[in-house]
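What follows is the residue order along each chain.
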Protein chains: 2
Amino acid sequence: MDMESRTYTIRQLAREFAVTPRTLRFYEDKDLLHPARQGQSRIYNYRDRARLQLILRGRRLGFSLIEIKEMLDLYNLGDGGVEQLKMTLRKSKARIATLERQRADIEAALAELREGNNQIKRLLDEKGVGADAL
Amino acid sequence: MDMESRTYTIRQLAREFAVTPRTLRFYEDKDLLHPARQGQSRIYNYRDRARLQLILRGRRLGFSLIEIKEMLDLYNLGDGGVEQLKMTLRKSKARIATLERQRADIEAALAELREGNNQIKRLLDEKGVGADAL
DNA sequence: AATGCCGTTGACGTTAACGTCAATTTTTGG
DNA sequence: CCAAAAATTGACGTTAACGTCAACGGCATT
């Protein structure tokens, strides 16, 4: 419990994750982040940092910010009643389903790319080009 | 070689893949599809259909249309010289790298969702709710 | 001949996810 | 203490990926 007390300015966090401060403010505007304030300035803690990581992962997977927010909200469980929990469970299962579909898509795409890749290598080989294409 | 000779009107193809005709025209405008013409009307063959499948898969994976086009172009190999082939190989490897990263992201996300999922099930169990949440 | 039903090409509208100023504090090093 | 660097809040611009609407041209049926 020492590293966890680290805080970040908006620019520090932005630089670390290769985004702009504008992006972080935008995410806050969209209710994806809720950093504390020191006067006017935003001050991010390790939890905000972890949330940002999740957001960016969702972004890399092609989800919209709204979808990402819904996924993040899934982690705030246990505060509602039974019906709330059931709802969360349903949404969570739906997310899992789409992610599994994406995984299947990825594996299909990878297989095809690797195949084409091999064809090219054979072509280059026929033309007398060695495996110096690293 | 009989099914391969099937052709489709724009609306047929659109319906089959749950997109609008507008989308198919848009993809053509962006040089992702090149259907033949019968007079003015577009006429799609099995190859166009396969390309569309690849396009939509790329879309599900969150790639931009430009990126998708580049990926599709990777399949038109063998028509260039050695340098071209090398270039294609490099791009192909880059694609593979980002796809593998996506796959890693997906597996991390899946693990976390499944974990939260189990927590919810436990909570529901404690509250006396059975496994009727299918 | 008129009524629909595709199909076409523009042209313009829309939403998401920021970028880009501008004007104004706030914070910080010397 | 003061200038420079960094932070803030608007406001407007931009790009991608289509949607929507208008105006038009074949045909096929009624």
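Model, not experiment: these values are computed from the prediction. (Residues numbered from 1 in each chain as written. Chains lettered and ligands numbered in written order. Predicted model: local features only at pLDDT ≥ 70, side-chain atom pairs only at ≥ 80, totals over all residues. Heavy atoms only, no water.)

Topic: the nonpolar core
- Counting 52 residues, the largest nonpolar core has Leu24, Leu52 and Leu99 of chain A together with Leu24, Leu52 and Leu99 of chain B as the members making the most contacts within it.
- With sequence-adjacent residues up to four places away left out, leucine 52 of chain B is seen in contact with Leu13, Phe17, Leu24, Tyr27 and Leu33 of chain B. (Core = buried A, V, L, I, M, F, W, Y, C linked by side-chain atoms within 4.5 Å. Buried < 20%, exposed > 50% of the residue type's maximum accessible area, 1.4 Å probe, protein only. Contact = heavy atoms within 4.5 Å.)

Considerations on the domain arrangement of chain A
- Split into domains, chain A comes out as domain 1 (1-62) and domain 2 (74-134).
- Centre-to-centre, using C-alpha coordinates, domain 1 of chain A lies 26 Å away from domain 2 of chain A. (Domains from an automatic or database assignment.)

Quick notes on the pattern of salt bridges
- Summed over all chains, the structure comprises 17 salt bridges over all chains.
- In this structure, arginine 57 of chain B and glutamate 112 of chain A form a salt bridge, with 2.9 Å as the shortest nitrogen-oxygen distance. With arginine 57 of chain B in helix 3 (residues 46-60) and glutamate 112 of chain A in helix 5 (residues 82-126), the pair connects residues from two separate chains.
- Residue classification places arginine 57 of chain B among the buried positions, given a relative accessible area of 12%.
- Among the ionic contacts, a cluster of salt bridges with common partners joins Glu28, Arg37 and Arg42 of chain A. (Salt bridge = Lys/Arg side-chain N within 4 Å of Asp/Glu carboxyl O. Helix = DSSP H or I, 4+ residues; strand = E, 2+ residues; numbered from the N terminus.)

Focus: the packing of aromatic side chains
Residue and element names in this part refer to chain A.
- Tallied over the full model, the rule gives two aromatic pairs over all chains.
- Between the aromatic rings of phenylalanine 26 and tyrosine 27, the centroid separation amounts to 6.4 Å while the plane-to-plane angle is 55 degrees, which identifies the pairing as tilted.
- Residue classification places tyrosine 27 among the buried residues on the basis of a relative accessible area of 3%. (Phe/Tyr/Trp six-rings, centres within 6.5 Å; stacked < 30°, edge-to-face > 60°.)

With respect to the confidence of the model for chain A
- Within chain A, residue pLDDT values average 89, and 92% of them lie at 70 or more.
- The spread of mean pLDDT over the elements of chain A runs between strand 1 (residues 36-38) of chain A, the lowest at 90, and helix 2 (residues 21-29) of chain A, the highest at 95. (pLDDT = per-residue confidence, 0-100.)

A short note on the protein's contact with DNA strand D
- Near DNA strand D, the surroundings consist of 16 residues, among which Thr9, Arg11 and Arg42 of chain A together with Thr20 and Tyr27 of chain B are the closest.
- The sugar-phosphate share of atoms of DNA strand D within 4 Å of the protein amounts to 76%.
- Here arginine 25 of chain A contributes a side-chain N or O atom positioned 2.8 Å from a phosphate oxygen of DNA strand D.
- Here a phosphate oxygen of DNA strand D and a backbone polar atom of leucine 65 of chain B are 2.8 Å apart.
- Listing elements by their share of the surface near DNA strand D, those giving two or more residues are helix 1 (10-16) and strand 2 (41-43) of chain A together with helix 2 (21-29) of chain B.
- It is helix 2 of chain B that contributes the most residues to the surface near DNA strand D, four residues altogether.
- The residue makeup of the surface near DNA strand D, split by class, is four nonpolar, six polar and six charged. (Near = heavy atom within 4 Å. Polar contact = N/O pair within 3.5 Å; in protein donor to acceptor, adjacent residues only side chain to side chain. Nonpolar A, V, L, I, M, F, W, Y, C, P; charged D, E, K, R; others polar.)

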